[in-house]
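Chain by chain, the residues:
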Amino acid sequence: MFGLSELAVVLIVVAAVVAARKLPELTRSAGKSARILKAEARAMKDEERTPPGEPAAPRIIQGETVDRGEGGTGGTPRG
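Computed from a predicted model, the values in this text were never measured in an experiment.

Conventions and cut-offs
Residues numbered from 1 in each chain as written. Predicted model: local features only at pLDDT ≥ 70, side-chain atom pairs only at ≥ 80, totals over all residues. Heavy atoms only, no water. Helix = DSSP H or I, 4+ residues; strand = E, 2+ residues; numbered from the N terminus. Buried < 20%, exposed > 50% of the residue type's maximum accessible area, 1.4 Å probe, protein only. Areas by Shrake-Rupley, 256 points an atom, 1.4 Å probe, with all protein chains shown as cover. Patch = residues over 30% accessible without salt bridge, like charges linked within 9 Å, V, L, I, M, F, W, Y side chains within 5 Å. Salt bridge = Lys/Arg side-chain N within 4 Å of Asp/Glu carboxyl O. Expected span 1.5 Å × (residues − 1). Bend = angle between axes of the 7 residues up to and from the residue.

## Observations concerning the overall build of the chain
Reasoning step 1: A tally of regular secondary structure across the chain gives one helix and zero strands.
Reasoning step 2: Expressed as a percentage of its 79 residues, the buried residues of the chain come to 3%.
Reasoning step 3: Here the chain has roughly 8100 Å² of accessible surface; of this, 61% comes from carbon and sulfur atoms.

In structure tokens:
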């Protein structure tokens, strides 16, 4: 039968096989988290540099622009 060391090796191999499928997703998530942390740390440093009486520069957040049609008020597009 199996000993404790053989069982440990089998469990490690099974964990590696299962983790291999999730590895790209995990690394992508870790990269996004690192970018967010880096951006927030940079924002805090910039905030510390501005004098208390002076208004801070507006933060620019990258994203997608949504075209809401010609009406300009949003809502459902007319078709």
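## Side note on a nonpolar patch on the surface
Reasoning step 1: A cluster of nonpolar residues, Leu4, Leu7 and Leu11, forms a patch on the protein surface that exposes about 340 Å² of accessible area.
Reasoning step 2: Examined against the element boundaries, Leu7 turns out to sit in helix H1 (residues 4-49).

## So, H1
Reasoning step 1: If you check H1, its first and last C-alpha atoms are just 58 Å apart, much less than what 46 residues at 1.5 Å a residue would give, namely 68 Å.
Reasoning step 2: Remark: the principal bend of H1, roughly 55°, maps to Lys22, with a proline, Pro24, within the next four residues.

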